[in-house]
Amino acid sequence: MKIAYLTRKEFFSCAHRLNNNILTKEENIQIFGKCNHENGHGHNYSVTVTLRGEIDLITGMVFNLEKLKKILKDQVLDLLDHKNLDKDVSFFETRPSTVENLAVFIWEQIAESVGRDKMYKVKVKETFKNSAVYMGE
């Protein structure tokens, strides 16, 4: 049995506002600073999804890359690209749209389609300096 890691990278752009409705306006400003601006702001994100699994003896693949590409388009990119996370994605109605929560969202969106046993890592890069990794923990 040979185990390999398969990675796919995609890109999307969207807006958000770091804010938590259970906090006061002052608390939100103190915690989130300029990212709490009322009108929000946007990022050009990248997401890297890594799957882990046994290399199939027939196909030579851990997972069909064309299928992964379609899953990411249908279940992630179509929902996020050129959207406002806080207004267009119900997941963020109850949690701040941080890069950490975005990584969790993407994991949850695709885990059933690719198989939870194959999920290894989701990395979301928000800026050149900021990124988050979620590994299902």
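Note: the structure precedes this text.
In what follows, the accompanying structure is described. Please read all numbers here as calculations on a predicted model, not as lab measurements. (Residues numbered from 1 in each chain as written. Predicted model: local features only at pLDDT ≥ 70, side-chain atom pairs only at ≥ 80, totals over all residues. Heavy atoms only, no water.)

**Notes on the environment of Lys69**
Where we set the bar: Here a strand is any run of E in DSSP of at least two residues, a helix any run of H or I of at least four, and the numbering for each starts at the N terminus. Each residue gets one of three labels from its accessible area relative to the maximum for its type: buried under 20%, exposed over 50%, partly exposed in between, using a 1.4 Å probe on protein chains only. Here, residues are in contact when the closest pair of their heavy atoms is within 4.5 Å.
Tracing the chain through its elements places Lys69 in helix α2 (residues 65–80). For Lys69, a relative accessible area of 38% puts it in the partly exposed group. Placed 59 residues apart in sequence, Lys69 and Glu10 show a C-alpha to C-alpha distance of 8.7 Å. Aside from chain neighbours lying at most four places away, what touches Lys69 is Arg8 and Glu10.

**Thoughts on the pattern of salt bridges**
The line we're drawing: By definition, a salt bridge exists where a carboxyl oxygen of Asp or Glu is found within 4 Å of a side-chain nitrogen of Lys or Arg.
For the structure shown, the criterion picks out five salt bridges. A salt bridge links Glu10 to Arg8; its shortest N-O distance comes to 2.8 Å. A relative accessible area of 12% means that Glu10 is categorised as buried. A salt bridge links Lys73 to Asp78, with the nearest nitrogen and oxygen atoms 3.1 Å apart. In this structure Lys73 comes out as partly exposed when scored by relative accessible area, which is 43%.

**Here's the deal with the packing of α2 against helix α4 (residues 99–114)**
Counted only if it meets this: Angles here are taken between N-to-C directions and fall from 0 to 180 degrees, while the axes themselves are lines fitted to C-alpha atoms, restricted in helices to the stretch in contact. Each angle receives one of four descriptions, namely roughly parallel if under 35 degrees, roughly antiparallel if over 145, roughly perpendicular if within 65 to 115, and oblique otherwise. Each crossing is labelled by how the near helix is turned from the far one, with a counterclockwise turn of less than a right angle marking it left-handed and a clockwise turn marking it right-handed. Each residue is assigned to one class: nonpolar for Ala, Val, Leu, Ile, Met, Phe, Trp, Tyr, Cys and Pro, charged for Asp, Glu, Lys and Arg, and polar for all the others, Gly among them.
Closest axis-to-axis distance for the α2/α4 pair is 10 Å, and the angle between their directions is 140 degrees. Between α2 and α4, the angle is such that the two are oblique. Helix-helix and strand crossings are classified by hand; for α2 and α4 the assignment is right-handed. Residues Leu68, Ile71, Leu72, Gln75, Val76, Leu79 and Leu80 of α2 pack against Leu102, Phe105, Ile106, Gln109, Ile110, Ser113 and Val114 of α4. When the residues that make up the contact of α2 with α4 are grouped by side-chain class, the tally is 11 nonpolar, three polar and no charged.

**Some thoughts on the sheet that holds strand β1 (residues 3–16)**
Let me state the cut-off plainly: Two strands are said to pair when DSSP picks up at least two bridges between them.
Read from one edge to the other, the open sheet built from five strands follows the order β3-β1-β2-β4-β5, with strand pairing classed as mixed. The two strands at the open ends of the sheet, each matched to only one other strand, are β3 (83–84) and β5 (131–134). Its contacts with the sheet place α4 against β1, β2 (41–54), β4 (119–125) and β5, and it is angled at close to 145 degrees to β4.

Limitation: the analysis is restricted to geometry and does not speak to function.
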